[in-house]
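Tertiary structure, described
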Protein chains: 2
Amino acid sequence: MSDQSVSSLCDYLCRVVYFEHLNPATIEYIAARLIPRRAVAGELLFVEGEPSAGLWLIQHGRVKFYKINPDGQEQILRLCGDGDTFNDIGAFDRGPNPANATALHDSRLFTLPTDFLCNLIQREPAFAQRVIEVLSSRLRLFTHQIENLTLYSVVVRVARFLLQQIENPSLSGPGVTRMAMAAHLSTTPQTISTVLRELESMGAIEFDRHHIRIVRDDLLRTIALL
Amino acid sequence: MSDQSVSSLCDYLCRVVYFEHLNPATIEYIAARLIPRRAVAGELLFVEGEPSAGLWLIQHGRVKFYKINPDGQEQILRLCGDGDTFNDIGAFDRGPNPANATALHDSRLFTLPTDFLCNLIQREPAFAQRVIEVLSSRLRLFTHQIENLTLYSVVVRVARFLLQQIENPSLSGPGVTRMAMAAHLSTTPQTISTVLRELESMGAIEFDRHHIRIVRDDLLRTIALL
DNA sequence: TCTCCGACTTCATTTAGATGAAGTGCTTCA
DNA sequence: TGAAGCACTTCATCTAAATGAAGTCGGAGA
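Residues numbered from 1 in each chain as written. Chains lettered and ligands numbered in written order. Predicted model: local features only at pLDDT ≥ 70, side-chain atom pairs only at ≥ 80, totals over all residues. Heavy atoms only, no water.

1. Description of the overall build of chain A
- Counting its secondary structure elements, chain A contains 9 helices and 10 strands.
- Against the 2.2 N^0.38 benchmark of 17 Å for 226 residues, chain A shows a C-alpha radius of gyration of 19 Å, consistent with a compact globule.
- With the C-alpha coordinates of chain A rotated into their principal frame, the extents come out at 55 × 40 × 35 Å.
- Across the 226 residues of chain A, 54% fall into the buried class.
- By sequence separation, contacts in chain A at least 24 residues apart represent 69% of the contacts at least 6 residues apart.
- When the accessible surface of chain A is summed, it comes to about 10100 Å², and 53% of that surface belongs to carbon and sulfur atoms.
- Each charge class in chain A was averaged separately, 22 positive and 25 negative side chains, and the resulting centres sit 1 Å apart. (Helix = DSSP H or I, 4+ residues; strand = E, 2+ residues; numbered from the N terminus. Rg over C-alpha atoms; globule rule 2.2 N^0.38 Å. Buried < 20%, exposed > 50% of the residue type's maximum accessible area, 1.4 Å probe, protein only. Contact = heavy atoms within 4.5 Å. Areas by Shrake-Rupley, 256 points an atom, 1.4 Å probe, with all protein chains shown as cover. Lys, Arg positive; Asp, Glu negative; His and termini not counted. Charge placed at Lys NZ, Arg CZ, Asp CG, Glu CD.)

Have a look at this one:
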């Protein structure tokens, strides 16, 4: 905890979904238990099936949480950024890691051990309540993901992904390459290229190698069938 | 509650994941709040986006929980049977129903209102703990589902589905037609037919219009890449 | 018992999107 | 400053699975 003041850690924790509405004393108590970790771009944080280290929190950086098949094909379940948490499942049910995680960019992270979290659930009903709400929202997210992947074409999926960027900054920026988008939307970088070109020719977006800018939000929304 | 004794309701509740380890007094308290419902085969129970009626429990029957796209194409998120619960998300986060539900077969059901469940979470830490565990396991399930749908071929998906039948009886039996299997595995009834024939010719299963029997568990497991 | 309808099967055809190959242009690191 | 390497683009080809059409089967209801 050497290089960070307790108060800055508390400021950070207050912006994490799980801890938002907790009282300052509890926040401080949690801050003292944060285990700081660092990762460089491309670093593997943990592997599916291994015992879980608990809940992971991102202070600053970008992380992909993903499954992989025997051919090496990847499915990114979630792209996470500043203030996000991941491996929630492994943290709360004491089971093994449900997927792999690697840093897409140099990152500063924390972990909180499962035992500590379970104690907190027992001691703080407000926290338990919050955990239930967050898990429900994750469930809702996965529900949408299954819907998108199975009921809509790649064009629709890409359009929806771009629209989500507006709310969720972890979906763009450093580390989120065409390859990552493809692995998240269950397609290939080539197809992403083609689709982006198509969206551009319709006048919905503008893009170059680095940025994708939404030109006509309404048109994109129509394409996304929203 | 007219036609069912309190003790038989309690016996039922003790077999539902959420209430397994609660003390008898609490179980009895919950039993008194169960709202009984009946449904005939094909009956729509609720629609995505509408306010949630709370948690649904199946006493006896079969229910599909699914998304639908503008073309009418269905994606079954979960097939539920005796003792299962559904609409957990809508029940715990006070949000709208995350998907549609219809009975696949004549069913006896219950609902428990959200307010009651939220109170219970506050009053019974053991229940809150259990809710967190169950939601985590649902999340794990969806994680697997996304993996199966995006990283494996239809043959593998069907093989895995058949293997799950052994543990989860709601995946077979009345109401679970080729159409339902197809909608769950994101494919078509025709493809299911072809794949079953293929699995039969390999000697892994035997089947007719009504039953699918696993002949060689080990072979099926190999095909499923497990 | 008969008939009708919906679920299932089979096969020929089509298609969305994957794959493979070839080339371009950043960006990093020597 | 140069070169290597990786991400990205484009296009031709291929393929898993969807679609459509036609026929079979079996159970429910008359």
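2. Details of the interface of chain A and chain B
- Contact with chain A, which involves 38 residues of that partner, is made by 39 residues of chain B.
- Buried surface at the junction of chain A and chain B, summed over both partners, amounts to about 3700 Å²; 67% is from carbon and sulfur atoms.
- Counting across the interface, chain A meets chain B through 4 salt bridges.
- The residue Arg140(A) makes a salt bridge to Asp93(B) at a minimum N-O spacing of 2.7 Å. (Buried area = accessible area lost by both parts, 1.4 Å probe. Salt bridge = Lys/Arg side-chain N within 4 Å of Asp/Glu carboxyl O.)

3. Describing the protein's contact with DNA strand D
- DNA strand D sits among 17 residues. The nearest are Arg178(A), Ser193(A), Arg197(A), Thr187(B) and Thr191(B).
- If you look at DNA strand D and keep only atoms within 4 Å of the protein, 76% of those are sugar or phosphate atoms.
- A distance of 3.0 Å separates a phosphate oxygen of DNA strand D from a polar side-chain atom of Arg197(A).
- One nitrogen or oxygen atom from the side chain of Arg209(A) is found 3.4 Å from a base nitrogen belonging to DNA strand D.
- For the surface near DNA strand D, the secondary structure elements donating two or more residues are helix H7 (178-185) and helix H8 (189-201) of chain A together with helix H8 (189-201) of chain B.
- If you tally residues by element for the surface near DNA strand D, the top one is H8(A), at 3 residues.
- A per-class count over the surface near DNA strand D returns 3 nonpolar, 10 polar and 4 charged. (Near = heavy atom within 4 Å. Polar contact = N/O pair within 3.5 Å; in protein donor to acceptor, adjacent residues only side chain to side chain. Nonpolar A, V, L, I, M, F, W, Y, C, P; charged D, E, K, R; others polar.)

4. Observations regarding the relation of the copies chain A and chain B
- It takes a turn of 180 degrees to lay chain A on chain B, together with a shift of 0.0 Å along the axis; the resulting RMSD is 0.0 Å. On this basis, the relationship between the two copies can be described by a two-fold rotation axis.
- Most of the interface of chain A is mirrored in chain B, where 100% of its interface residues are also at the interface. (Least-squares fit on C-alpha atoms with pLDDT ≥ 70 in both.)

5. Remarks on the packing of aromatic side chains
Residues and elements named next belong to chain A.
- With the rule as written, the count across this model stands at 18 aromatic pairs over all chains.
- For the pair Tyr 18 and Phe 19, a centre-to-centre distance of 6.3 Å together with 50 degrees between the ring planes defines the contact as tilted.
- Judged by centre distance (5.5 Å) and plane angle (45 degrees), the ring pair of Tyr 29 and Phe 116 falls under tilted. Note that Tyr 29 is positioned in helix H2 (residues 24-31) and Phe 116 in helix H4 (residues 114-123), a separation of 87 residues in sequence. (Phe/Tyr/Trp six-rings, centres within 6.5 Å; stacked < 30°, edge-to-face > 60°.)

6. A look at the pairing of strand S5 (residues 74-80) of chain B
Residues and elements named next belong to chain B.
- With 6 of its 7 residues buried, S5 lies for the most part within the structure.
- Looking at chain direction, strand S4 (residues 63-68) and S5 are connected through 6 bridges and run antiparallel. Bridge pairing in S5 links Tyr 66 to Ile 76. (Pairing = 2+ DSSP bridges.)

7. Describing the packing of H4(A) against helix H5 (residues 125-151) of chain A
Residue and element names in this part refer to chain A.
- Following both chains from N to C, one finds H4 and H5 inclined at 115 degrees, their axes separated by 5 Å at the closest point. Comparing the axis directions of H4 and H5 gives the class roughly perpendicular. Residue-level contacts link Leu 117, Leu 120, Ile 121 and Arg 123 of H4 to Pro 125, Phe 127 and Ala 128 of H5. (Axes fitted to C-alpha atoms, helices over the stretch in contact; angles between N-to-C directions. Parallel < 35°, antiparallel > 145°, perpendicular 65-115°, else oblique.)

8. Here we look at the sheet that holds strand S8 (residues 107-112) of chain A
Residues and elements named next belong to chain A.
- Pairing is antiparallel in the open sheet, where 4 strands are placed in the order S1-S8-S3-S6. Lying at the two open borders of the sheet, with one neighbouring strand each, are strand S1 (35-39) and strand S6 (85-86).
- As paired strands, strand S3 (residues 55-60) and S6 are joined by 2 bridges and run antiparallel to one another. The residue of S6 that forms the bridge with Trp 56 is Phe 86.

9. Concerning H7(A)
Residues and elements named next belong to chain A.
- Buried residues dominate H7, accounting for 6 of its 8 residues.
- What H7 keeps buried is the set Ala 180, Met 181, Ala 182, Ala 183, His 184 and Leu 185.
- Lining the buried residues of H7 we find strand S5 (74-80), H5, helix H6 (154-167), H8 and strand S10 (212-214).
- Directly after H7, the chain includes Ser 186, whose backbone phi takes a positive value near 55 degrees.

10. As for the sheet that holds strand S3 (residues 55-60) of chain B
All names here are of chain B.
- The strand order across the open sheet built from 4 strands is S1-S8-S3-S6, with neighbouring strands paired in antiparallel fashion. Looking at strand neighbours, the two that pair on one side only are strand S1 (35-39) and strand S6 (85-86), the edges of this open sheet.
- Relative to strand S8 (residues 107-112), S1 is paired through 5 bridges, and the arrangement is antiparallel. Paired with Ala 39 across the strands is Ser 107, a residue of S8.
- Sitting on the sheet, helix H1 (residues 6-14) is in contact with S3 and S8, with an inclination near 110 degrees to S3.

11. What about the domain arrangement of chain A?
All names here are of chain A.
- Domain boundaries in chain A define domain 1 (6-137) and domain 2 (152-223).
- Spacing between the C-alpha centres of domain 1 and domain 2 amounts to 27 Å.
- Buried surface at the junction of domain 1 and domain 2, both sides included, amounts to about 930 Å², of which 57% is carbon and sulfur.
- Summed over the three residues of domain 1 that lose the most area to domain 2, namely Arg 62, Ile 76 and Leu 79, the buried surface amounts to 58% of that side.
- Connecting domain 1 to domain 2 are 7 residue pairs in polar contact (both at pLDDT 80 or more).
- By residue class, the composition of the side of domain 1 that touches domain 2 is 5 nonpolar, 3 polar and 4 charged. (Domains from an automatic or database assignment.)

12. A short note on the packing of helix H7 (residues 178-185) of chain B against H8(B)
Residue and element names in this part refer to chain B.
- Where H7 contacts H8, the axes come no closer than 8 Å and their chain directions differ by 100 degrees. Here H8 runs roughly perpendicular to H7, going by the angle between their axes. On H8, the residues that touch Arg 178, Met 179, Met 181, Ala 182 and Leu 185 of H7 are Pro 189, Ile 192 and Leu 196.

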